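Architecture at a glance
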4 protein chains.
Amino acid sequence: MHKHISLLKPFFLLSGLAFFTGAYAQNQQAQVPEPMPMKSQMTEYYEPVPKVVTPGAVPSNWVVPPPSDAMVLFDGKDLSKWKGKDGEAKWTVSDGVFTVVKGTGDIETKETFEDYQLHIEFKIPVDIQGEGQYRGNSGIFMQGIYEVQLLDSYNNRTYVNGQAGSIYKQSPPLVNAMRKPGEWNVYDIIYTAPRFKEDGSLHSPARITVIQNGIVIQNNFTLTGNTPNVGLPKYTKHGKGPIKLQDHNDPSKPISFRNIWIRNL
Amino acid sequence: MHKHISLLKPFFLLSGLAFFTGAYAQNQQAQVPEPMPMKSQMTEYYEPVPKVVTPGAVPSNWVVPPPSDAMVLFDGKDLSKWKGKDGEAKWTVSDGVFTVVKGTGDIETKETFEDYQLHIEFKIPVDIQGEGQYRGNSGIFMQGIYEVQLLDSYNNRTYVNGQAGSIYKQSPPLVNAMRKPGEWNVYDIIYTAPRFKEDGSLHSPARITVIQNGIVIQNNFTLTGNTPNVGLPKYTKHGKGPIKLQDHNDPSKPISFRNIWIRNL
Amino acid sequence: MHKHISLLKPFFLLSGLAFFTGAYAQNQQAQVPEPMPMKSQMTEYYEPVPKVVTPGAVPSNWVVPPPSDAMVLFDGKDLSKWKGKDGEAKWTVSDGVFTVVKGTGDIETKETFEDYQLHIEFKIPVDIQGEGQYRGNSGIFMQGIYEVQLLDSYNNRTYVNGQAGSIYKQSPPLVNAMRKPGEWNVYDIIYTAPRFKEDGSLHSPARITVIQNGIVIQNNFTLTGNTPNVGLPKYTKHGKGPIKLQDHNDPSKPISFRNIWIRNL
Amino acid sequence: MHKHISLLKPFFLLSGLAFFTGAYAQNQQAQVPEPMPMKSQMTEYYEPVPKVVTPGAVPSNWVVPPPSDAMVLFDGKDLSKWKGKDGEAKWTVSDGVFTVVKGTGDIETKETFEDYQLHIEFKIPVDIQGEGQYRGNSGIFMQGIYEVQLLDSYNNRTYVNGQAGSIYKQSPPLVNAMRKPGEWNVYDIIYTAPRFKEDGSLHSPARITVIQNGIVIQNNFTLTGNTPNVGLPKYTKHGKGPIKLQDHNDPSKPISFRNIWIRNL
């Protein structure tokens, strides 16, 4: 395929495209053309909007203790299982929860993982501000690469493949199961890592199930690659990787986490 | 393949086999031989034993209310969403739970389903008796056909592909996440129905994820067919089907259920 | 995620983007923003280049007769199994082959199909001209929707996810198994149609295996949707569909087909 | 589940079963019971019979040369790429083909493989004798473990999951595409090896597509384990493995092979 209506084509090449793809046009004459750069908005879509489903109400202090074989990644006391970009994780711990400190960078587990079940709880602050992606934005990265979006999606519209519980820029959640700011949300994630061949090509893709507040929002979704903000997903061979939490560094109030544990599968 | 050591073969045919397969031998001379009948024990294996994992302790009254889009199959009051073999479901309802009445037969939902998320809670009676398969045995059948085993598997050894949380005779649970008799167990089940072609052959198999008490015990397991007690799994074309609960009718004490809801996926 | 360096963002919105996305900017203020339009070149990439593999040489007249259960879609005589946009298929039949007549439009089978094995042979004319996508371009559309690219990819570089044997804009061929212009190429395609749920959402994606001249070039590739020239793949519920062949209407010489048959799977 | 009609059960335990399961009964009292032994016939079924499809006729000397990137496993001259149980492969080479020599044992490639495309041609001798499994029986084992059945299935009924082109005891061929004795049959096999986790459990099962004489007879079939004659399939962790050909050592005439090549995928 690759079909242009011929009358439009000269115009396209001579005017519209020329403005912003000078570098690209040159590349076409070279040996290895690069794909024309995209904008982040090109991979954002707004419809259909996942239906809002209200999770059953639970008391705020229902913190289920981890099972006996879990590795506890945060027990309410310290960030000793985590590291930051320059060594120590610099987010704050207080009252059994830890909170993003903007500008200190992402944090990630010291331990690395392959296939697992991850339990993580997070709270949007009750006085959250901003809108769209600028309201409680963070993210949980499987193996440091594949992002499950964290955002305040309670009465906050954004592109659906970027709302809370989306596989970022790949798959919106099946429904919007977000609790209100000030209440604790739970993600239970079942993750199967991709496998690669010796030559670096993909053997089997990553798959992910996400249950938010007891409601299935991703049902064994097959990822087509990593989860970039700009451009298309792509797989690059890798081994085990950490759980990474994002310091999104936007103007909204920082979010908090508690009761994080993981079980290898 | 199909390799017999030739010296043994005549012996096999003339003695051991002859005793119990007269019908089979005749069939071989007919147009359509039947497979030689199996015994139930032939599809039961005992090793490796799934590791015991103790779920986090929770108060007995932690009954999470269903999400807003769930169909509640049992709300503690009556069995109006269920039917028995002769019409009415004859199990007893009391104190917000319902209990198997042995000899009254299986019960199943009046509604039928395809792909779904099912939440179900069950309790082995504190004074349970018996052992192996004769101790708290019941089962939850997806679409009335594919069984997730219910059993008291707390300190009760049986064949591993028949213990609690197994896909009966197909897949043992990844771990043994059973709570003690007298405590409530939760199964959260994510089920994808098989699809069939017009000619009745299989398009895509059933898949199931089971989370027991917050612990993944079946991870997107692909079923190879139905779950018979005797013989091999097999797919036969079908449409939507009910959730069925089994009256196993064994000498052990009857088990109870509460808080059952389902969401179509 | 969704991370902009804040200093760049105002500039982006006010200048670069403004030129060509006026309509988009307005949409953002409306209820339902549209994704920002893409250019076709944004989904075209050139690396890594599939290795060239030379198929074993065979005489030009090795035309394997179809198996006894195949539906023959072209037997060398006429296009009675095909139709064009206005009724009749207007491509020419001569000497046991048929040839694209540019400007007469795509042709498709009168019969529709779901899962199947398709055998199709095509020849790039010996005096082919043009380069890149403008050299022997056509396409075979599964169910009228999902394109396996036809192109002269013998010593003719283009974006790899648009060369012969690619799943157009989704997957380059594993290797380049193209025969020379003037020689007959064979595609043997094993196609599994996607299935949809009642609500229109996807149950299971389309999968495709392509063997070109006896060489596996697509190995059970899972499609992420249709195969548009511009924009991202997307699934839309559909039933059975025809085999469609493309009149690409470019300046290159028309290509020819022979020995086309199909078997339902 | 596990439901016996109680009146039958004592009879079952005391008579029929007792005869041949003394060892089993003892095992049940021990710590680790073994599954009750099965007979080979219990995993053999005869219905439905795959439809006979006649492949298109081709001259006997249509031997497509291998593609340029193939590893040629037999080029008509010698068995230098193969080994037998005691070192050398002792099958005979003559006139560009090699032939099983009964009693000399299986042969296998010196090289080992993971994922691949395999082309292999075989001929049932024109004067073949015997019936059922005793007529032209051999087998091709992927990685030395997973068998694609070789047999004369031209007018020769046997259990369908053991006829030519079956995944032995797991999956009958979709159709019977066998050529007559004396004619060359071709298998084109696309094989994806299973992958295992570090702990030995299965990550992803083996999958196989088989095209016999140009006709798809296995369509991306997912194996549930190895392919034993007696008992149930089972996965055991392994790495790369050879292509193995079976010396079945039955009274029928030996079969021959030619033009074997493989491409890593």
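Residues numbered from 1 in each chain as written. Chains lettered and ligands numbered in written order. Predicted model: local features only at pLDDT ≥ 70, side-chain atom pairs only at ≥ 80, totals over all residues. Heavy atoms only, no water.

What to know about the sheet that holds strand β3 (residues 82-84) of chain D
Residue and element names in this part refer to chain D. Taking strand neighbours across the sheet as the criterion, the 6 strands line up as β4-β3-β7-β17-β9-β10 in an open arrangement whose pairing is antiparallel. Edge positions in the sheet fall to β4 (87-88) and β10 (146-150), since each of these pairs with one other strand and no more. Sheet analysis places β3 next to strand β7 (residues 107-109), joined by 2 bridges and oriented antiparallel. The residue of β7 that forms the bridge with K83 is E108. (Pairing = 2+ DSSP bridges. Helix = DSSP H or I, 4+ residues; strand = E, 2+ residues; numbered from the N terminus.)

Some words on the environment of F196(D)
Residue and element names in this part refer to chain D. In this structure, F196 sits in strand β13 (residues 195-196). Remark: the alpha-carbon pair of F196 and K237, spanning 41 residues in sequence, is separated by 6.0 Å. Sequence-distant contacts of F196, that is, excluding residues within four places in its chain, are made with Y146, S201, L202, H203, Y235, T236, K237 and H238. (Contact = heavy atoms within 4.5 Å.)

Regarding the confidence of the model for chain A
All names here are of chain A. Residues of chain A with pLDDT of at least 70 account for 88%, and the chain-wide mean is 89. Scored below 50 in pLDDT, residues 2-30 makes 45 contacts in the model with residues more than four places away or belonging to other chains. Per the prediction output, this complex has pTM 0.90; the corresponding ipTM is 0.89. (pLDDT = per-residue confidence, 0-100.)

Focus on the packing of aromatic side chains
Overall, the coordinates contain 54 aromatic pairs over all chains when judged by the stated rule. Both rings, one in F74(D) and one in F98(D), keep their centres 4.7 Å apart while their planes meet at 90°; by these two values the pair is edge-to-face. A residue pair is termed long-range when its members are at least 10 positions apart, and F74(D) in strand β2 (residues 71-74) and F98(D) in strand β6 (residues 97-99) qualify at 24 residues. When its relative accessible area of 2% is taken as the criterion, F74(D) is described as buried. The exposure class of F98(D) is buried, given its relative accessible area of 0%. Taken together, the ring pairs in this structure connect F113(A), Y116(A), Y146(A), Y191(A), F196(A) and Y235(A) into an aromatic cluster. Looking at K244(A), its charged tip hangs above the ring of F141(A), at a distance of 4.6 Å from the centre. (Phe/Tyr/Trp six-rings, centres within 6.5 Å; stacked < 30°, edge-to-face > 60°. Buried < 20%, exposed > 50% of the residue type's maximum accessible area, 1.4 Å probe, protein only. Lys NZ or Arg CZ within 6 Å of the ring centre and 35° of its normal.)

Some details on the pairing of strand β9 (residues 138-142) of chain A
Residues and elements named next belong to chain A. Along β9, 5 of the 5 residues are buried, which leaves the element largely enclosed by surrounding structure. Judged by which residues are buried, β9 turns out to be covered on both faces: S138, I140 and M142 on one side and G139 and F141 on the other are all buried. Of the strand pairs in this sheet, β9 and strand β10 (residues 146-150) are connected by 5 bridges, and their pairing is antiparallel. The residue of β10 that forms the bridge with M142 is Y146. Sheet topology note: the β9/strand β17 (residues 244-245) ladder contains 2 bridges and is antiparallel. Across the sheet, residue F141 finds its bridge partner in β17, namely K244.

Structural notes on the sheet that holds strand β4 (residues 87-88) of chain B
Taken together, 6 strands build an open sheet; the order of strands is β4-β3-β7-β17-β9-β10 (chain B) and the sheet is antiparallel. Each having just a single partner strand, β4 and β10 (146-150) of chain B make up the two edges of the open sheet.

Some remarks on the pairing of β10(A)
Residue and element names in this part refer to chain A. Within β10, 5 of the 5 residues are buried, leaving the element largely enclosed by the surrounding structure. What you see with β10 is no split at all: Y146, V148 and L150 on one side and E147 and Q149 on the other are buried throughout. Hairpin connection of β9 to β10: 3 residues between the antiparallel strands, including Q143 at a positive phi of 55°.

Here's the deal with the pattern of salt bridges
A full pass over the atoms with the stated rule returns 48 salt bridges over all chains. Note that R195(B) and D115(B) form a salt bridge whose closest N and O atoms lie 2.8 Å from each other. Here R195(B) is found in strand β13 (residues 195-196), whereas its partner D115(B) is found in the loop between β7 (107-109) and β8 (116-123), with 80 residues between them in sequence. The closest approach of N and O atoms between K51(D) and D69(C), which form a salt bridge, is 3.8 Å. (Salt bridge = Lys/Arg side-chain N within 4 Å of Asp/Glu carboxyl O.)

A closer look at the side chain of Q218(B)
All names here are of chain B. By the element assignment, Q218 lies in strand β16 (residues 215-222). Within polar-contact distance, the side chain of Q218 engages the backbone oxygen of G165 at 2.9 Å. A distance of 3.2 Å separates the side chain of Q218 from the backbone oxygen of P172, its partner in a polar contact. Ignoring anything within four residues of it in the chain, the contact list for Q218 reads G165, S166, I167, S171, P172, P173, L174, I208, T209 and V210. (Polar contact = N/O pair within 3.5 Å; in protein donor to acceptor, adjacent residues only side chain to side chain.)

Some remarks on the side chain of S252(B)
Residues and elements named next belong to chain B. Relative to the helices and strands, S252 is located in the loop between β17 (244-245) and β18 (256-264). Taking relative accessible area as the criterion, S252 reaches 3% and is therefore assigned buried. At a separation of 3.0 Å, a polar atom in the side chain of S252 contacts the main-chain amide nitrogen of G136. When residues no more than four places from it in sequence are discounted, the contact partners of S252 are K102, I128, Q129, Y134, R135, G136 and N137.

Comments concerning unusual backbone geometry
Omega for the peptide link from E47(A) to P48(A) comes to -10°, which places this bond in the cis form. Notably, D95(A) is not glycine yet its phi reads approximately 55°, a positive angle. Within the secondary structure, D95(A) is located in the loop between β5 (92-94) and β6 (97-99). Even without being a glycine, N220(D) presents a positive backbone phi close to 55°. Of note, N220(D) is situated in strand β16 (residues 215-222). Overall, the relative accessible area of 15% leaves N220(D) in the buried class.

What about the environment of A89(D)?
Residues and elements named next belong to chain D. With respect to the helices and strands, the residue A89 is situated in the loop between β4 and β5 (92-94). Under the relative-accessibility criterion, A89 is labelled buried at 10%. In sequence terms A89 and V100 are 11 residues apart; their C-alpha atoms lie 10.0 Å from each other. Ignoring any residue separated from it by four or fewer positions in sequence, one finds A89 in contact with L79, W82, K83, G84 and I107.

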